[in-house]
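Listed here are the chains, written in short residue letters.
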Amino acid sequence: MIKDRIILGIDPGTIVMGYGVLKIEGNKPKLETMGVLQLNKYEDHYLRLKKIFERVLALIDQYHPDELAIEAPFFRKNVQSMLKLGRAQGVAMAAALERDIPIFEYAPLKIKMSITGNGNAAKEQVAGMLQRFLHIPQESMLPQMDATDGLAAAVCHYFQTNNPISEKKYSGWKDFMAKNPGKVRK
């Protein structure tokens, strides 16, 4: 029995934070909302972190997600940028922890791969695939790709956790063949 659930996806950032809320009814994903939190108007980095925390809490309180899927920071040459991104991710995670929401972290490569089949896909390709997959009208697409990046984290989590085969755990091909003799041709 598949339980209906809601996944909040976050693309953390200290200039722009993207988010998407995905509602799963039965086995069908549907876009609830997506958007961005613009933080460049705040000079103080700590105030930006506070705004991220408050916005994520507000999204949780409004949509009551069952899970949070968040993009993991990736290695950058600029250590200061990486540190700021890690802090943004940390406060978003702290908001989920405050409401006892389980957190699932995905590398950008994994998210892009799950959405487009290409780990090096451009943001525009990810947005286009999400638009087709979720039947999002053009007028609902936002110019900021951070929104679709947040939604992509939620859809990636849906793909990772909604696979009927994943309900059965196999230790390898031999185990799969032993437990599924009708699916194996000799």
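Going by the structure above, here's the rest.
Residues numbered from 1 in each chain as written. Predicted model: local features only at pLDDT ≥ 70, side-chain atom pairs only at ≥ 80, totals over all residues. Heavy atoms only, no water.

(A) Looking closely at the nonpolar core. If you look at the biggest cluster of nonpolar residues, it comprises 24 residues, and the most contacted ones within it are Leu8, Ile10, Met17, Ile52 and Val56. At the level of elements, strand 1 (5-11), strand 2 (16-25), helix 1 (45-63), strand 4 (67-71) and helix 2 (79-98) are the ones that each hand at least two residues to this core. Once residues within four sequence positions are removed from consideration, Ile52 is found in contact with Gly13, Met17, Leu37, Leu39, Ala88, Val91 and Ala92. By size, the runner-up hydrophobic cluster in this structure holds 23 residues, among which are Leu22, Leu151, Val155 and Cys156. (Core = buried A, V, L, I, M, F, W, Y, C linked by side-chain atoms within 4.5 Å. Buried < 20%, exposed > 50% of the residue type's maximum accessible area, 1.4 Å probe, protein only. Helix = DSSP H or I, 4+ residues; strand = E, 2+ residues; numbered from the N terminus. Contact = heavy atoms within 4.5 Å.)

(B) Examining the sheet that holds strand 2 more closely. Strand order across the open sheet formed by 5 strands is 3-2-1-4-5, with mixed pairing between neighbours. The two strands at the open ends of the sheet, each matched to only one other strand, are strand 3 (28-38) and strand 5 (103-106). For this sheet, the mean inter-axis angle between neighbouring strands, taken without regard to orientation, is 20°. Sheet analysis places strand 4 next to strand 5, joined by 4 bridges and oriented parallel. Across the sheet, the residue bridging to Leu68 is Ile103, located in strand 5. Helix 1 rests against strand 1, strand 2 and strand 3 of the sheet, and its axis sits at about 15° to strand 2. The sheet strands contacting helix 2 are strand 1, strand 4 and strand 5, and the helix crosses strand 4 at an angle near 175°. (Pairing = 2+ DSSP bridges. Axes fitted to C-alpha atoms, helices over the stretch in contact; angles between N-to-C directions.)

(C) A look at the packing of aromatic side chains. On inspection of all chains with the given rule, the structure shows 2 aromatic pairs. When the centroid spacing of 5.6 Å and the interplanar angle of 45° are considered together, the rings of Tyr158 and Phe159 count as tilted. Take Tyr158: its relative accessible area is 7%, and that puts it in the buried class. By relative accessible area, which is 29% here, Phe159 ends up partly exposed. (Phe/Tyr/Trp six-rings, centres within 6.5 Å; stacked < 30°, edge-to-face > 60°.)

Limitation: the analysis is restricted to geometry and does not speak to function.
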